[in-house]
Every structure is written in C-alpha cells, then in structure tokens.
Amino acid sequence: MKIYALVDCNNFYASCERVFNPKLEGKPIVVLSNNDGCAIARSQEAKALGIEMGAPLFQIQSIVQCHQVRVLSSNFALYGDLSARVMATLAQFTPEIEIYSIYSIDEAFLDLSGLTQLVDYARQIRTTVKQWTGIPVSIGIAPTKTLAKVANRIAKRRVDANGVFDLTDKTLQEEVLAQTAVEDIWGIGRKSGRRLRTHCISNALQLRHANEQWIQTQLGVMGLRTVLELRGISCLSLQSCPAAKHARTVSRSFSRPVESLAELKAAVATYTSRAAEKLRCDRLSAKALTVFLMTDRFHQDEPQHFDSTYVELPVATSDTAELIGYTSQAIAAIYREGYRYKKTGVTLTHLVAANLFQACLFETTDRERSRKLMQVIDRINQQLGAGTIAFAATGLRQSWGRKEMRSPRYTTCWQELPVVKA
DNA sequence: TCTGGGGTCCTAGGACCC
DNA sequence: TCTGGGGTCCTAGGACCC
C-alpha cells in the first residue's frame, strides 16, 4: 500500500516573520498582499481574532488597533528562501518527494511507503525542520494525497495530535471524514460544495459513499477522482519531477488609478522584464503572449473597461527588448482614453525549451548577441540587486506598489543581514 | 481612501481537415 | 432545392488551489 505524508508549514508567512523577529512569538500577525491591500496570511492568534483570509486591511482596521495586531507587508524574497530551506531539509528524509509543485511554497508531499513507525518518523521530520529552519510544520499521513490533506488538517487542529496525524486506519478514516465538511476537502471548492449540499452531501464521509456516475455528471472527472481518493484508491501520484511550466504571468494592481497610456506602457514594460527574467531562469522561450488591462471592479460607479489581447510571436524568444516591443504595442492596442485603470499584466505562453526553438527563415536579429546581452543583464541584477540595470521603457519611477511595513530580506540581501550582538 | 498574484486542469464549442 | 460524419486542435472560461 502507498503511504503519503503531507508536510505543511504552519501559517507559513507569519512563521517566517517570527524566525528573525522572535518578539512576534505569541502575538497576532497579518501579512499583507501587494500594495498592502489584503491579509494574505495570519498567525494563529490573528485567525482566532476572526481575521479572514483575503480581508482588506481597511475593513479589519478596528480589530488591528484594538488587539495590537502586528501588520507586515509581504516579503517574498524571505519566504521563498525559507521555503527552499524547508524543502531541502525534507529531502534528507526521503528521495520520494514532490517539491516545486504548484503548491510548493509551503507544502510538500512525501512518499513514505514501506516504512514502519510512521508517526515516530514524522515526529522526527517535524523536529528537524523546526530545528534547522525555525519553521513549525504539521504532517498528515494517509494512503492517498487527498486523505493526507484531511489528516494534515487534523494534525493542525487537534492539540493532542501534536502536529502529526496518522489516517491510515480505516475505522479512523470513517470517524474523521464524518467530521470534515465537504468544502474542506482538497479539490472541492465553494461552487461544488454548495451543489453537493443541495443534494444532502455535507461531509466527506457522505461524499466518499456517493454514487460514482452521479458524481461524474455533477463534478466531472476531477470530482470523481476526489471521491476515489477519499475511498483510499490513489489516483494522484507523486510528481517527483513536475512538468515544465506552461505560462508565466506578471501582473500588479496600482496603488492609485492610472489614466495615461505612457504610465501603463511603463508598467507593462516592467512586468514584461520580470516575466522574461523568470523565463530565462527556467531556460524557456515564449511563442505567444497576452496583455490585459482593467479598471477597478470595486468602483462600479465609474466606467468599467476590461480587455486583453493575444499575440503570436514569429520566433520563440526570452529577449526582454524584443518582448517589450510586442507587449508595448499590445497595450497601446487595447488602451482606451478616459478610464481609470487599476491593474495590468503580461502572460508569456506557449513556452518551449530555449535551446529547441524553430528559427524563422527571414530572421534578421542576431540571436546569439541577444542571448549574451540578457545573460550579462541577469548576472548584474543578481549580483548587485534586482533592477540595478533596466530597460528605459520601464520608466524611471517604479512607484506603483506600496510596501510600507516590509521586514528586512534577512537571508537574500547582504545589506539586510541580521546582526547578532554579543 | 484603502479590496492580491500566480498557477493548474477540464470542458464546451468553434475552426478546420479529409 | 438539396448540403455528412468523424476526427483533431485550439481557445475561452470555469473551478480550484495556495
């Protein structure tokens, strides 16, 4: 029998902040989204105060003040680095590990098949991760990934579980699934949850016993897969070597409305640069791209405009200058005067391995020269900090975002290393 | 006044081909 | 006036995840 363990970091972003700032221990913390807009992570104490995931900061201001909630801007450089350390630690315990999956920032599946003393082993993993990285994790153990997710929830909630819960026992599965709300199952979202409830399926045990044909007509093959997984039949295998990405998006909301094409162009050029960097980092090239722009949907009293445009490129590329040329034209094509824009973004799609592209018969650009130039730019920005060298099209002021309460990038920036005083 | 960003997979339906 | 059938590929949109 297969045995999966799901290792999930507790309140990951909040825990990361605590690693370098122990004064935050035991205090309610929220970490904010881009522009300091919404709460995207909360410590246990903040959750207990009733702060919901995604709550706009201005709506929770009274709770924040009343309970002295520590409010922090997001610091993804720090979280990404600590995530990598957690994953590296987990990899010490088994070669069968799924990292870099789309859920990778704070969780990883491990294949523990064939091991005995599962709970002891999991405790050892938990202790080691905490000791080596400072991040507390919870571990759920079960014969399928979906059940391991359920087990992980219990590991987090039950005080007596002490961070580890083993759900391999069939009788225990029945008991636990009966207490799990149907929308708390991995893969069942709000929509499906509501639909299931109208058919009197409100917990995971009822879903487990639902009719297969009926589920497939209602929820499609994904839903059916979930039901089988709940029954202990593994449908989702461990992807130890996940497929390459299909798309790379960079988009941001503005901290204030933007009306001029010039500003939008500068923003789009900035996002294009970032997306192209990601592409080169993954050694990929894009054969197509989409650019979109939108007004503020929360301001329905103002005129609304959303548009996007798709562009196929003659030759796959990851050259920033070339891509900015295309995205700049694209944004101009969908821009309409007289709107207050809130957000714009760039998606690079149809990604192919950079060394395997189909050249164009009438090619005029010198690909080798462009590749070398990009390499130099990437190296300079890596060594001297992001944005040290940039394309003029990205503009001189890059002040769309707001991050007023960001903690230092303790582990990824020389100037911001923590200092230990004797 | 202030409301995130970046992904995946599946399905339906259109375009196109023979 | 009559106007096939089956297959593939692609995209948009929905649902979901963290």
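All figures in this text were calculated on a predicted structure; none of them were measured in a lab.

Each value, and the rule that gives it
- Residues numbered from 1 in each chain as written.
- Chains lettered and ligands numbered in written order.
- Predicted model: local features only at pLDDT ≥ 70, side-chain atom pairs only at ≥ 80, totals over all residues.
- Heavy atoms only, no water.
- Phe/Tyr/Trp six-rings, centres within 6.5 Å; stacked < 30°, edge-to-face > 60°.
- Helix = DSSP H or I, 4+ residues; strand = E, 2+ residues; numbered from the N terminus.
- Buried < 20%, exposed > 50% of the residue type's maximum accessible area, 1.4 Å probe, protein only.
- Pairing = 2+ DSSP bridges.
- Salt bridge = Lys/Arg side-chain N within 4 Å of Asp/Glu carboxyl O.
- Contact = heavy atoms within 4.5 Å.
- Axes fitted to C-alpha atoms, helices over the stretch in contact; angles between N-to-C directions.
- Domains from an automatic or database assignment.

Draft legend 1. Molecular detail of the packing of aromatic side chains. All chains considered together, the criterion is met by ten aromatic pairs. Relative to tryptophan 186, the ring of phenylalanine 109 lies with its centre 5.7 Å away and its plane at 45°, an arrangement referred to as tilted. One end of the pair, phenylalanine 109, is in strand β6 (residues 107–111); the other, tryptophan 186, is in the loop between α7 (170–178) and α8 (190–198), and 77 residues separate them in sequence. Judged by relative accessible area, which is 21%, tryptophan 186 ranks as partly exposed.

Draft legend 2. View of the pairing of strand β3 (residues 39–42). Examined bridge by bridge, strand β2 (residues 29–32) and β3 share three bridges and lie antiparallel to one another. Bridge assignment links valine 30 to a residue of β3, and that residue is arginine 42. Count of turn residues in the β2/β3 antiparallel hairpin: six residues, of which asparagine 35 carries a positive phi of about 65°.

Draft legend 3. Structural detail: the pattern of salt bridges. Applying the stated criterion to the full structure yields 21 salt bridges. Between glutamate 277 and arginine 274 there is a salt bridge, and its shortest N-O distance comes to 2.8 Å. One end of the pair is glutamate 277 and the other is arginine 274, both in helix α11 (residues 261–281) and three residues apart, which spans about a single turn. Bridged by salt links that share partners, the residues Glu259, Glu302 and Arg340 form one connected network.

Draft legend 4. Structural detail: the sheet that holds strand β1 (residues 4–9). With mixed pairing, the five strands of this open sheet are ordered in space as β5-β6-β1-β7-β8. Of all strands in the sheet, those with a lone pairing partner are β5 (97–98) and β8 (164–166), marking the two edges. Sheet analysis places β1 next to strand β7 (residues 137–142), joined by six bridges and oriented antiparallel. Its bridge partner being in β7, cysteine 9 is matched across the sheet by valine 137. Taken strand by strand, helix α4 (residues 76–91) contacts β1, β5 and β6, and its axis lies near 10° from that of β6.

Draft legend 5. Region of the structure containing the domain arrangement of chain A. Looking at chain A, the domain boundaries give domain 1 (4–166), domain 2 (170–231) and domain 3 (247–394). Centre-to-centre, using C-alpha coordinates, domain 2 lies 41 Å away from domain 3.

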